[in-house]
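Listed below, chain by chain, are the residues.
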Amino acid sequence: MNFLHLERATLDSFLPGLDETLARRPLTELESAPSPAIDAFREAGGPGLLVPAQNAGSGLTPLQAVRVQRAVGARCPSLAVATTMHHFSVAGLVEAAKYGTGVEGLLLEAVATDRLLLASGFAEGRTGQNILRPHITAERRGERILLNGSKMPCSLSRSMDLLTASVTMKDDDGVDRLAVALVPAESPGIEVRPFWRNPILAGAESDEVVLTDVEVDPEMVVLTDVTADAVPDSLNVAGFLWFELLLTAAYLGVASALVERVLERPGAADDPTPYLVGVDGAMLAVEAVARAMDDEEWGDALLVRALTARYAAQDAIAETTRVCLAALGGMAFIGSPDGSYLAAAAVGLTFHPPSRARMARPLRDWLDGRPLRIG
Ligand SMILES: Cc1cc2nc3c(=O)[nH]c(=O)nc-3n(C[C@H](O)[C@H](O)[C@H](O)COP(=O)(O)OP(=O)(O)OC[C@H]3O[C@@H](n4cnc5c(N)ncnc54)[C@H](O)[C@@H]3O)c2cc1C
């Protein structure tokens, strides 16, 4: 079967054996917490995929990365979501390293060499909260910075080696700015509490991480240019670009696993296009933006294209999962939870920031010539 062939070949060339390891396990086992998929990803060297080659990583291009993410999503939805958060944090570090102090490069090398997993805590469990306006605070106390607050849901909460968390910190002029703190998971004052109450995507370990008077070195806190207006700076535009593409590819992979089951059902010889065209077309849009990341400016216009590809994928997933479940039929529905699980998990793309409804006003404003705001 040639479906997903390119994506699986790309995954195999960077993480040999991972696809086979995941394919051997039942979906229900991979999707429960704790999931064996997270250790398998770590053992295969997954943490270093986006770390540049000069920092001992695999240095994947955006195009290679989205193909890998789709292949992972087609085997283990929870792993694809969880590792999207990891790669997003790594991509942020790579960006910060371009004008940082040098500590970012050392951290990247440690991520690749020691196979460290990074969690990414931006959300704080409140509907309607802007992702660029965190409530968690970072306060200077002498030589140290103290963090207080809570992040939820936070994928990889139970397997992380480092937490990257968005915080609000005052700059030298007393203005509140968005900053990103890097905190070792073993730091005193970090506690993980149950938060995720849905069996769908439970393997991503998206629980709550509570920080109480957690001390960090000031070198581990990167202050961005984002203030209360929520206009992303170049670091955040880069982060969102990577995030939207990896996330969309991951969830397209989940829907593709359902398509694959339809294409491979016994005696199937019907027209494959109602199952294929939606997800493959949406993936081509993701790939087009990933290719553009190689030779176009990483600005508002490219981010809008990434968001367009993502929202188009949401529509494609809704339609594809509907026709695939119908094609698999009632006996498949009764006989195994896998089809309905994949359909429900694939819809998860809708719930990540920034949601389509939240971007309605900012997109209108951007079309009318104003800077792009997120949510
Ligand atoms: C599987 C999974 C894993 C996750 N892992 C992480 C993680 O590791 N780290 C992390 O930081 N976050 C994570 N998240 C959380 C995610 O980042 C979101 O913050 C969270 O799901 C948003 O919840 P919400 O939809 O209730 O809130 P909102 O995004 O606020 O939206 C709620 C609803 O209200 C609508 N709405 C809200 N505001 C407006 C507005 N201004 N105008 C119009 N409509 C509006 C939205 O469209 C939506 O329909 C994860 C989410 C999922 C599903």
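Anything mentioned here points back to the structure above.
Thresholds, definitions, all that
Residues numbered from 1 in each chain as written. Predicted model: local features only at pLDDT ≥ 70, side-chain atom pairs only at ≥ 80, totals over all residues. Heavy atoms only, no water. Near = heavy atom within 4 Å. Polar contact = N/O pair within 3.5 Å; in protein donor to acceptor, adjacent residues only side chain to side chain. Areas by Shrake-Rupley, 256 points an atom, 1.4 Å probe, with all protein chains shown as cover. Helix = DSSP H or I, 4+ residues; strand = E, 2+ residues; numbered from the N terminus. Nonpolar A, V, L, I, M, F, W, Y, C, P; charged D, E, K, R; others polar. Domains from an automatic or database assignment. Core = buried A, V, L, I, M, F, W, Y, C linked by side-chain atoms within 4.5 Å. Buried < 20%, exposed > 50% of the residue type's maximum accessible area, 1.4 Å probe, protein only. Contact = heavy atoms within 4.5 Å. Axes fitted to C-alpha atoms, helices over the stretch in contact; angles between N-to-C directions. Parallel < 35°, antiparallel > 145°, perpendicular 65-115°, else oblique. Left-handed = near helix turned anticlockwise from the far one by under 90°. Arc of directions from axis to C-beta.

(A) Representation of the site of the ligand. Among the 21 residues in the neighbourhood of the ligand, the closest are listed as Ser 120, Phe 122, Ala 123, Thr 127 and Gly 128. Within the contact set of the ligand, a nitrogen atom lies 2.7 Å away from a backbone nitrogen or oxygen of Ser 120. One nitrogen or oxygen atom from the main chain of Phe 351 is found 2.8 Å from an oxygen atom belonging to the ligand. Isolated, the ligand exposes 950 Å² of accessible area, and the fraction of that covered by the protein chains is 69%. For the shell around the ligand, the elements supplying multiple residues, two or more each, are helix 6 (77-97), strand 1 (118-121) and strand 3 (144-154). For the shell around the ligand, the per-class residue count stands at 12 nonpolar, 8 polar and 1 charged. Each of two domains, domain 2 (119-223) and domain 3 (234-367), supplies a minimum of three residues to the shell around the ligand.

(B) Molecular detail of the environment of Gln 54. Looking at the secondary structure, you find Gln 54 in the loop between helix 4 (36-43) and helix 5 (62-75). Separated by 49 residues in sequence, Gln 54 and His 5 place their C-alpha atoms 29 Å apart.

(C) Examining the nonpolar core more closely. In terms of nonpolar packing, the biggest core is built from 121 residues, with Leu 50, Leu 147 and Leu 163 touching the most fellow members. Considering every element that reaches this core, the biggest residue donor is helix 8 (residues 234-263), with 19 residues.

(D) Local environment of the side chain of Asn 55. In this structure, Asn 55 sits in the loop between helix 4 and helix 5. On the basis of relative accessible area, Asn 55 is assigned to the buried category, the value being 10%. If near-sequence neighbours (up to four positions away) are discounted, Asn 55 is found in contact with Gly 105, Leu 108, Glu 109 and Ala 112.

(E) Region of interest: the packing of helix 8 against helix 11 (residues 338-346). Interaxial distance between helix 8 and helix 11 falls to 8 Å at its minimum, and their mutual angle equals 155°. By the angle between their axes, helix 8 is roughly antiparallel relative to helix 11. Crossing geometry of helix 8 relative to helix 11 is assigned as left-handed. Contact residues: helix 8 offers Tyr 251, Val 254, Ala 255, Ala 257, Leu 258 and Arg 261, while helix 11 offers Asp 338, Gly 339, Leu 342, Ala 343, Ala 345 and Ala 346.

(F) Spotlight on helix 4. Here helix 4 has its buried residues at Ala 37, Ile 38, Ala 40 and Phe 41. Each buried residue of helix 4 lies within a common arc of 165° when the element is viewed along its axis, so the set occupies one face. Buried residues along helix 4 sit against helix 2 (18-24), helix 3 (27-30) and helix 6. Its side-chain oxygen 3.1 Å from the backbone nitrogen of Ala 37, Ser 35 forms the N-cap of helix 4. One or two steps after helix 4, the chain reaches Gly 45, where phi turns positive at roughly 95°.

Nothing here speaks to function; it is geometry throughout.
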